[in-house]
Amino acid sequence: LKVAVLVSHTGSNSRALHEASLRDDAGFGICLVVSNNSGARALEYAREQGIPSRHMSVRTHGTPEELDAALLDELVTRGVDLVVTAGYMKKLGPRTLAAYENRIINIHPSLLPRHGGPGMYGMAVHEAVLATGDEVTGASVHHVTAEYDAGEVIARREVPVMAGDTAEGLAARVLAVEHQLLPEVVRRIAAGKG
Ligand code: GRF
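What you see is a predicted model, and the numbers here were worked out from it, not measured in a lab.

A short note on the sheet that holds strand 1 (residues 2-6)
Reasoning step 1: Across the sheet, 7 strands lie side by side as 3-2-1-4-5-6-7; this open sheet has mixed pairing. The open sheet terminates on both sides in strands that have one partner only, identified here as strand 3 (53-55) and strand 7 (153-160). Strand-to-strand, the axes of this sheet are offset by a mean angle of 20°, without reference to chain direction.
Reasoning step 2: As paired elements, strand 6 (residues 136-143) and strand 7 share 7 bridges and run antiparallel to each other. In the strand pairing of strand 7, Gly138 is matched with Glu158.

What to know about the pairing of strand 1
Reasoning step 1: Among the 5 residues that make up strand 1, 4 are buried, leaving the element largely enclosed by the rest of the structure.
Reasoning step 2: As paired elements, strand 1 and strand 2 (residues 29-35) share 5 bridges and run parallel to each other. Counted as the bridge partner of Leu6 is Val34 from strand 2.
Reasoning step 3: Each parallel crossover has a hand, and the one from strand 1 via helix 1 (residues 12-21) to strand 2 is right-handed.
Reasoning step 4: With 4 bridges joining them, strand 1 and strand 4 (residues 82-85) adopt parallel strand pairing. From the neighbouring strand, Val5 faces strand 4, where its bridge partner is Val84.

Let's talk about the confidence of the model for the protein chain
Reasoning step 1: For the protein chain, per-residue confidence averages 97 on the pLDDT scale, and 99% of positions sit at 70 or higher.
Reasoning step 2: Interface confidence for the predicted complex, expressed as ipTM, amounts to 0.92; the pTM equals 0.96.

Quick notes on the site of the ligand
Reasoning step 1: Not every one of the 14 residues close to the ligand is listed here, only the nearest: Thr10, Ser12, Asn13, Gly87 and Pro109.
Reasoning step 2: Looking at the shell around the ligand, the elements with two or more residues in it are helix 1, strand 5 (104-108) and helix 7 (167-190).
Reasoning step 3: Sorting elements by how many residues they give to the shell around the ligand places helix 1 first, with 3 residues.
Reasoning step 4: Broken down by class, the residue content of the shell around the ligand amounts to 5 nonpolar, 8 polar and 1 charged.

Thresholds applied
Residues numbered from 1 in each chain as written. Predicted model: local features only at pLDDT ≥ 70, side-chain atom pairs only at ≥ 80, totals over all residues. Pairing = 2+ DSSP bridges. Helix = DSSP H or I, 4+ residues; strand = E, 2+ residues; numbered from the N terminus. Axes fitted to C-alpha atoms, helices over the stretch in contact; angles between N-to-C directions. Buried ≥ 20, exposed ≤ 12 C-beta atoms within 10 Å, placed from the backbone. Right-handed = clockwise from strand over helix to strand, strands pointing away. pLDDT = per-residue confidence, 0-100. Near = placed C-beta within 6 Å. Nonpolar A, V, L, I, M, F, W, Y, C, P; charged D, E, K, R; others polar.

Printed below as a string of structure tokens:
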């Protein structure tokens, strides 16, 4: 299974996915890393690892429509089977969404449908978990649609909230779970069990 990863910043999930792909029985490989941010650590990692990588944004491609078309072209040309957005801070365009319907997945740091939607990213998610007094949070992998965090949930993993937790502490524990959950889901999809 050929996987493309879209990422905006650090890319620790992208890295976890790449490391998992190097195992003999992985059944998938990362064939492309795309970032809207030329300074993304994830692009540097891709270059170090010899993974093809592209900086693609409205700065490089002019308009959202041109970017959508160029991204889709890049995915199709490389024979990408599955698109993974992992900390990708932009919405995908309608052409890419339609062409890859049900073949785009995202990882989100909460138990969706709780604490998803516009504005719910980064520390805001974990602050909302603490503010609402949830006893459990976690990570979700879901299909990507035109609305933020609204596509069908594929897998979730729980993380308990502990007394005295800070948003930062919670974020770190959830991220560690994301690093396991995302490769597991992609392995399952590669095995035809997704
Ligand atoms: C993760 O928490 C992911 O769930 C969210 O953005 C964060 C990305 O982290 N969508 P990284 O770039 O993979 O380190």
